Amino acid sequence: MARGGRGRRLGLSLGLLLALALAPRALLAKPTVRKERVVRPDSELGERPPEDNQSFQYDHEAFLGKEDSKTFDQLTPDESKERLGKIVDRIDNDGDGFVTTEELKTWIKRVQKRYIFDNVAKVWKDYDRDKDDKISWEEYKQATYGYYLGNPAEFQDSSDHHTFRKMLPRDERRFKAADLDGDLTATREEFTAFLHPEEFEHMKEIVVLETLEDIDKNGDGFVDQDEYIADMFSHEENGPEPDWVLSEREQFNEFRDLNKDGKLDKDEIRHWILPQDYDHAQAEARHLVYESDKNKDEKLTKEEILENWNMFVGSQATNYGEDLTKNHDEL
């Protein structure tokens, strides 16, 4: 989940890897905006910076899920508030008229699990070619890399050749890590771990390793400060660094580089991208309650939520210029 200035879920998904491999080269330019690899603990809630453009995009995706947040972007404010009211009734599990932080956390976790389930279900039939409700490594390899493997001459002089050569062994390594019984065939659970490794404890070493490989441009097995910054920011014509980049350099020195040797090893990368004892759903639920709790009783009424509706959901009025052409089922 992306958020300007507050981080995103890490780990390069299969979809992103394929998009990078197949996208036109013009689309692969480094962004100049901030990019982060980690859902990290928020600053004190009372001191948090305002949302970029007041769009609340991260909150919408956390509360609704990425796809359903787009549905609300198509609605008028009145329609959006009406649907939000129905969702509030579902979140209030005990029916006492209040939404607590715990109830919000439960809802956000449910939304995230639904997104992962829907994502796996959406692509499953493309890979399960023999329809045995399992996906073998050979099925996946042929579905993803079959054309490349069968027509190598077409890729010899293209940038895709290097990309595919890098992705294939990387995907195989991740597939084998997800394949707990070692039969080179993935059940739905194992394939879910393959597509969403950051959600599974036994896959976290792969997430750390892939992150290191992505950022470590000089191949020394570490991430130095310049590599760390380059992963989230790219200079335009050698212009000055934004203030947040200078702040990130300080973060690197003070909080990322734990042994103060000027670079990050695997343990330090793990500490950075997979912070211990941090619950993303809990943090987001606390944030939503804090920002909407007008009487400061640490719980929300439906009226308080609807009064601050644009933090929870979007609409055409708050997302002018967004793509309004897609149709989605109502939550």
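Residues numbered from 1 in each chain as written. Predicted model: local features only at pLDDT ≥ 70, side-chain atom pairs only at ≥ 80, totals over all residues. Heavy atoms only, no water.

Assigned secondary structure in the chain consists of 15 helices and six strands. When the accessible surface of the chain is summed, it comes to about 17800 Å², and 49% of that surface belongs to carbon and sulfur atoms. (Helix = DSSP H or I, 4+ residues; strand = E, 2+ residues; numbered from the N terminus. Areas by Shrake-Rupley, 256 points an atom, 1.4 Å probe, with all protein chains shown as cover.)

What follows deals with the pattern of salt bridges. Any two side chains of opposite charge can pair if their charged atoms end up close together. The full count for this structure, using the stated rule, is 18 salt bridges. Residue K109 pairs with D279 through a salt bridge whose shortest N-O separation is 3.5 Å. One end of the pair, K109, is in helix α5 (residues 101-127); the other, D279, is in the loop between α12 (266-273) and α13 (280-292), with 170 residues separating them in the sequence. Note on K109: relative accessible area 36%, which makes it partly exposed. By relative accessible area, D279 is classed as partly exposed at 26%. Residues R270 and E205 are paired through a salt bridge, measuring 2.7 Å at the closest nitrogen-oxygen approach. One end of the pair, R270, is in helix α12; the other, E205, is in helix α9 (residues 204-215), and 65 residues separate them in sequence. (Salt bridge = Lys/Arg side-chain N within 4 Å of Asp/Glu carboxyl O. Buried < 20%, exposed > 50% of the residue type's maximum accessible area, 1.4 Å probe, protein only.)

Attention now goes to the side chain of D179. Mapped onto the elements, D179 comes out in the loop between α7 (159-178) and β3 (185-186). Summary of buried charges: D179 has no salt-bridge partner, and the nearest side chain of opposite charge, K176, is 8.6 Å away. With sequence-adjacent residues up to four places away left out, D179 is seen in contact with L184, T185 and E190. (Lys, Arg positive; Asp, Glu negative; His and termini not counted. Contact = heavy atoms within 4.5 Å.)

For the rest of this paragraph, the subject is the packing of α7 against α9. For the pair α7 and α9, interaxial distance at closest approach is 11 Å and the crossing angle is 165°. In terms of orientation, α7 lies roughly antiparallel with respect to α9. For the element pair α7 and α9, the recorded crossing hand is right-handed. Note on element contacts: α9 touches α7 through I206, L209, E210, E213 and D214, opposite K166, R170, R173, R174 and A177. The class makeup of the residues in the contact of α7 with α9 is three nonpolar, no polar and seven charged. (Axes fitted to C-alpha atoms, helices over the stretch in contact; angles between N-to-C directions. Parallel < 35°, antiparallel > 145°, perpendicular 65-115°, else oblique. Left-handed = near helix turned anticlockwise from the far one by under 90°. Nonpolar A, V, L, I, M, F, W, Y, C, P; charged D, E, K, R; others polar.)

Moving on, we get to α13. Relative to the 18 Å expected for 13 residues at 1.5 Å per residue, α13 spans 19 Å between its end C-alpha atoms, a close match to the ideal helical length. Taken residue by residue, α13 has H280, A281, A283, E284, A285, H287, L288, V289 and S292 as its buried positions. As for α13, its buried residues are in contact with α2 (57-64), α5, β6 (300-301), α14 (302-307) and α15 (309-312). (Expected span 1.5 Å × (residues − 1).)

This brings us to the UniProt feature "domain: EF-hand" (unreviewed entry) in the chain. In this structure's numbering, the residues bearing the UniProt feature "domain: EF-hand" (unreviewed entry) are residues 79-114, 115-150, 166-201 and 203-238. For the annotated span residues 115-150, helix accounts for 75% and strand for 6% of the residues, and the straight-line distance between the end C-alpha atoms is 34 Å. (UniProt positions renumbered as here; feature names shortened; annotations may be inferred.)

What follows deals with the packing of aromatic side chains. By convention here, two paired aromatic rings are described through the distance between centres and the angle between planes. This structure, assessed with the given rule, holds 21 aromatic pairs. Residues F233 and W244 carry aromatic rings whose centres are separated by 5.8 Å and whose planes lie at 90° to one another, so their mutual orientation is edge-to-face. With F233 in the loop between α10 (225-230) and α11 (243-256) and W244 in helix α11, this residue pair connects regions lying eleven residues apart in the sequence. The buried category is assigned to F233, whose relative accessible area is 8%. The ring of F222 carries the charged tip of K263 above its face, separated from the ring centre by 4.1 Å. Positioned above the aromatic ring of F98, the side-chain terminus of K299 is 4.2 Å from the ring centre. (Phe/Tyr/Trp six-rings, centres within 6.5 Å; stacked < 30°, edge-to-face > 60°. Lys NZ or Arg CZ within 6 Å of the ring centre and 35° of its normal.)

When you tally the buried positions in helix α8 (residues 188-195), you get six out of eight residues, the bulk of the element. When we look at burial in α8, the residues that qualify are E190, F191, T192, A193, F194 and L195.

On to the packing of α2 against helix α3 (residues 66-73). Taken N-terminus to C-terminus, the directions of α2 and α3 make an angle of 115°; their axes are 7 Å apart at the nearest point. In this structure, α2 meets α3 at a crossing whose hand is right-handed. Every residue of α3 that contacts α2 at Q57, H60, E61 and L64 is listed here: K66, D68, S69 and F72.

Turning our eyes to something else, we now look at the confidence of the model for the chain. Per-residue confidence for the chain averages 82 on the pLDDT scale, and 79% of its residues sit at or above 70. Predicted confidence is poor over residues 1-35, with pLDDT under 50, and the contacts of this stretch with residues over four places away or in other chains come to 94 contacts. (pLDDT = per-residue confidence, 0-100.)

What follows deals with the nonpolar core. Of all hydrophobic cores here, the largest spans 24 residues; its most connected members are F63, L84, L104, F312 and V313. Elements that contribute at least two residues to this core include exactly α2, α4 (77-91), α5, α13 and α15. With sequence-adjacent residues up to four places away left out, V313 is seen in contact with H60, F63, L64, F72, S80 and L84. If you look at the next biggest cluster of nonpolar residues, it comprises 21 residues, including Y145, F155, M167 and F200. (Core = buried A, V, L, I, M, F, W, Y, C linked by side-chain atoms within 4.5 Å.)

Turning our attention to unusual backbone geometry. Although it is not a glycine, K296 sits at a positive phi angle of roughly 55°. The phi dihedral of E298 falls on the positive side, at around 65°, and the residue is not glycine. Inspection of the secondary structure assignment puts E298 in the loop between α13 and β6. Among the residues examined, E298 registers a relative accessible area of 64% and is labelled exposed.

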